[in-house]
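The chain contents come next:
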Amino acid sequence: MITLHHLDQSRSLRIIWALEELGLEYQIKHYKRLPTFAAPPELKAVHPLGKSPVLTDGDLTIAESAVILDYLQATYDT
Ligand SMILES: N[C@@H](CCC(=O)N[C@@H](CS)C(=O)NCC(=O)O)C(=O)O
């Protein structure tokens, strides 16, 4: 199962767009920004810098929006 670690008001929206365009099944783990607009500390459990987006696909974990988009296209775009 694909899981997108999605932060409010972030470039993670690009990944949702790609997942929808590719017609993939996925789940979203949603993180709300703190009042300071920083990401919440829970995001550090999936990314050492606490940044979003992060995508997991089975045992694979990928950070960086451009790399995630490349991965989705290379793996799932027929
Ligand atoms: N180069 C990274 C940038 C990741 C990044 O800076 N994400 C921002 C949201 S667009 C973030 O997580 N900000 C929260 C924070 O730094 O506390 C990418 O394209 O994925």
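This report concerns the structure included in the present document. (Residues numbered from 1 in each chain as written. Predicted model: local features only at pLDDT ≥ 70, side-chain atom pairs only at ≥ 80, totals over all residues. Heavy atoms only, no water.)

## What about the site of the ligand?
Step number 1: Neighbouring the ligand are the residues Leu7, Ser10, Arg11, Arg33, Ala38, Ala39, Lys51, Ser52, Pro53, Glu64 and Ser65.
Step number 2: Here an oxygen atom of the ligand and a backbone polar atom of Ala39 are 2.9 Å apart.
Step number 3: Interatomic distance of 2.6 Å between a side-chain N/O atom of Ser65 and an oxygen atom of the ligand.
Step number 4: Contact with the protein chains hides 76% of the accessible area of the ligand, taken as 510 Å² for the molecule alone.
Step number 5: Classifying every residue of the shell around the ligand gives 4 nonpolar, 3 polar and 4 charged. (Near = heavy atom within 4 Å. Polar contact = N/O pair within 3.5 Å; in protein donor to acceptor, adjacent residues only side chain to side chain. Areas by Shrake-Rupley, 256 points an atom, 1.4 Å probe, with all protein chains shown as cover. Nonpolar A, V, L, I, M, F, W, Y, C, P; charged D, E, K, R; others polar.)

## Brief notes about the sheet that holds strand β3 (residues 54–57)
Step number 1: Read across the open sheet, the 4 strands follow the order β2-β1-β3-β4; overall the sheet is mixed. Strands with a single pairing partner mark the edges of an open sheet, and in this sheet they are β2 (26–31) and β4 (60–63). Averaged over all pairs of adjacent strands, the angle between strand axes in this sheet comes to 20°, irrespective of strand direction.
Step number 2: Against the sheet, helix α1 (residues 12–21) touches β1 (2–7), β2 and β3, its axis set at about 150° to β1.
Step number 3: Contacts from helix α2 (residues 65–76) reach β1, β3 and β4 within the one sheet, and its direction differs from that of β4 by about 135°. (Pairing = 2+ DSSP bridges. Helix = DSSP H or I, 4+ residues; strand = E, 2+ residues; numbered from the N terminus. Axes fitted to C-alpha atoms, helices over the stretch in contact; angles between N-to-C directions. Contact = heavy atoms within 4.5 Å.)

## Structural notes on the nonpolar core
Step number 1: Residues Ile2, Leu4, Ile15, Ile16, Ala18, Leu19, Leu24, Leu55, Ile62, Ile68, Tyr71 and Leu72 constitute the largest nonpolar core, which totals 12 residues.
Step number 2: Contributions of two or more residues to this core are made by β1, α1 and α2.
Step number 3: No other element matches the 4 residues that α1 contributes to this core.
Step number 4: Leave out the neighbours within four places in its chain, and Ile16 touches Leu4, His6, Tyr26 and Ile28. (Core = buried A, V, L, I, M, F, W, Y, C linked by side-chain atoms within 4.5 Å. Buried < 20%, exposed > 50% of the residue type's maximum accessible area, 1.4 Å probe, protein only.)

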